[in-house]
Amino acid sequence: MTDLRTDTLDTFAEIFGRRADGLWSAPGRVNLIGEHTDYNEGFVLPFAINRRTLVALGLRDDRKARVGSSFADELVEIDLSELSPENLSGWSAYPLGLAWALTEFGVDLDAVPGFDILIDSNVPVGAGLSSSAAIECAVAVALNDAWQLGLDRPTLARVGQRAENVAVGAPTGIMDQSASLLGQADAAVFLDCRSLVSEVVPLGLEAAGLEIVIIDTGVEHAHATGGYAERRASCEEGARVLGVESLRDVSVADLDRARDLLDDVTFRRVRHVVTENQRVLDTVRTLREQGPTAIGELLDASHVSMRDDFEISVPELDLAVETAQANGAIGARMTGGGFGGSAIALVPSENLSRVFVAIDGAFAENGFGQPDVFTVTPSEGAKRED
Ligand code: GLA
């Protein structure tokens with residue numbers, strides 16, 4: 001076992017004075033392409049990464065739920081009978097919100113025992129790599145096993161999304177939880193967010209000599225407030241005016257007509273979503289037919305669309321993308337909800353150090369804070385560890 005796993009079990013024993021019943025983990029995610037398409041019932045292509053959240057859990061004889069973590073001193077305690085979104089706040093709203101959200105999927109909290117949970121994580125927080133979904137999904141698989149619920153992974157993803165939407169209060173889509181639960185090594189998850197049918201698409205990065213570089217700009221973003229909800233509202237307004245259920249029902253060929261019906265800003269928001277859906281489909285086809293070295297232009301076009309049409313980039317993300325592109329990346333784009341967080345670049349191994357050095361230099365020259373630059377590997381989704 002790696003240190004983090006042993007540490008988590010040891011800390012659980014220290015805090016709760018007994019051994020855990022088991023250990024579960026779930027990864028953060030990177031979205032390869034398909035941004036702000038999930039809540040428009042469109043397509044996404046994320047993958048799970050080799051940064052994980054661990055959850056040690058022990059069932060109790062009573063009905064108390066207690067959660068501790070390696071990142072906050074407090075131990076939060078609540079009776080299962082009192083679990084409701086109004087009673088939850090702070091970081092514990094993620095694990096406890098997940099337990100509450102299960103009630104919306106048929107779980108009777110009067111019929112299950114309480115639990116002690118300890119959470120540990122090496123998914124960076126605030127980097128746009130879904131540290132929150134990693135917590136939700138690790139707790140989801142832990143409770144699913146410990147309470148013997150028998151829920152399948154697409155359902156657990158929906159439970160995680162409900163926790164995020166209602167208990168945490170962020171109006172996000174289904175992508176992050178799906179990636180964390182369905183990911184597989186060296187592959188991406190191609191998800192139709194309308195039907196929730198998914199397919200695993202092999203990436204073949206190692207065979208192609210490619211690395212995925214993350215440039216965490218350090219610019220903070222939060223999706224419970226501000227821009228994210230505004231963009232979502234614009235998309236809903238666009239769909240309403242166009243007379244469709246969601247922007248999934250609009251194709252690239254419909255855009256000319258849409259331009260006549262929508263104001264300029266709403267039209268550009270709609271154009272991003274519609275073209276991005278097409279880029280996801282094109283990326284999946286290109287990966288299958290030509291492999292990962294051929295998807296660079298699609299990544300680049302996705303960034304331009306987010307920068308100019310959806311307007312969710314920031315100068316630090318644009319600089320990261322442009323610098324990577326100018327120093328040997330095959331393609332680059334901001335990833336995640338935007339307004340900060342991280343960019344990704346697809347880089348041939350031999351250009352890796354050049355990209356790292358160039359990004360550090362460019363950020364310093366522009367007076368931006370030092371970014372955190374590292375590589376990630378597409379990895380397997382949530383699982384029981386011990
Ligand atoms: C955040 C949300 C996701 C998705 C992305 C944008 O990561 O949690 O549901 O909407 O933004 O693609």
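Reference entry: report on the structure contained in this document. Computed from a predicted model, the values in this text were never measured in an experiment. (Residues numbered from 1 in each chain as written. Predicted model: local features only at pLDDT ≥ 70, side-chain atom pairs only at ≥ 80, totals over all residues. Heavy atoms only, no water.)

1. Some points on the sheet that holds strand β8 (residues 210-216)
Working step 1: Reading across from one edge, β9-β10-β8-β11 is the order of the four strands in this open sheet, with antiparallel pairing throughout. Looking at strand neighbours, the two that pair on one side only are β9 (331-334) and β11 (372-376), the edges of this open sheet. Each strand axis lies, on average, 20 degrees off the axis of its neighbour in the sheet, ignoring direction.
Working step 2: Judged from the four bridges that link them, β9 and strand β10 (residues 342-348) form a sheet pairing that is antiparallel. What sits directly across from Gly331, in β10, is Leu346.
Working step 3: Packing of helix α9 (residues 296-309) onto the sheet brings it into contact with β9 and β10, and relative to β9 it is tilted by some 30 degrees. (Pairing = 2+ DSSP bridges. Helix = DSSP H or I, 4+ residues; strand = E, 2+ residues; numbered from the N terminus. Axes fitted to C-alpha atoms, helices over the stretch in contact; angles between N-to-C directions. Contact = heavy atoms within 4.5 Å.)

2. Here we look at the nonpolar core
Working step 1: Of all hydrophobic cores here, the largest spans 51 residues; its most connected members are Leu83, Leu96, Phe115, Leu143 and Trp147.
Working step 2: Considering every element that reaches this core, the biggest residue donor is helix α3 (residues 131-146), with nine residues.
Working step 3: Among residues more than four places away in sequence, those in contact with Leu83 are Ile78, Leu88, Leu96, Ala99, Trp100 and Leu109.
Working step 4: Residues Cys235, Leu262, Met306 and Ala345 belong to the second largest nonpolar core, which totals 37 residues. (Core = buried A, V, L, I, M, F, W, Y, C linked by side-chain atoms within 4.5 Å. Buried < 20%, exposed > 50% of the residue type's maximum accessible area, 1.4 Å probe, protein only.)

3. Things to note about the pairing of strand β6 (residues 187-192)
Working step 1: Counting buried positions along β6 yields six of six residues, so the element is predominantly enclosed.
Working step 2: As paired strands, strand β2 (residues 43-59) and β6 are joined by two bridges and run antiparallel to one another. The partner of Phe43 across the bridge, within β6, is Asp192.
Working step 3: In this structure, β6 lies alongside strand β7 (residues 198-202), joined through five bridges in antiparallel fashion. By the bridge assignment for β7, Phe190 is matched with Glu199.
Working step 4: Counting the residues between successive antiparallel strands, the hairpin from β6 to β7 contains five residues, one of them, Leu196, with a positive phi of roughly 60 degrees.

4. A few points about the packing of aromatic side chains
Working step 1: Here the structure, examined in full by the defined rule, presents six aromatic pairs.
Working step 2: A ring pair is formed by Phe12 and Phe16, whose centres lie 4.7 Å apart and whose planes are at 50 degrees; its orientation type is tilted. In this pair, Phe12 and Phe16 both sit in helix α1 (residues 3-16), four residues apart, roughly one turn of the helix.
Working step 3: The exposure class assigned to Phe12 is buried, which follows from its relative accessible area of 0%.
Working step 4: Judged by relative accessible area, Phe16 falls into the buried class, the value being 9%.
Working step 5: Between Tyr39 and Tyr228, the ring centres sit 5.6 Å apart and the planes meet at 65 degrees, which makes this aromatic pair edge-to-face. Remark: Tyr228 occurs in helix α6 (residues 227-242) and Tyr39 occurs in the loop between β1 (22-33) and β2; sequence separation between them is 189 residues. For the pair Tyr39 and Tyr228, a shared accessibility class is recorded, and that class is buried.
Working step 6: Positioned above the aromatic ring of Phe374, the side-chain terminus of Arg51 is 4.6 Å from the ring centre. (Phe/Tyr/Trp six-rings, centres within 6.5 Å; stacked < 30°, edge-to-face > 60°. Lys NZ or Arg CZ within 6 Å of the ring centre and 35° of its normal.)

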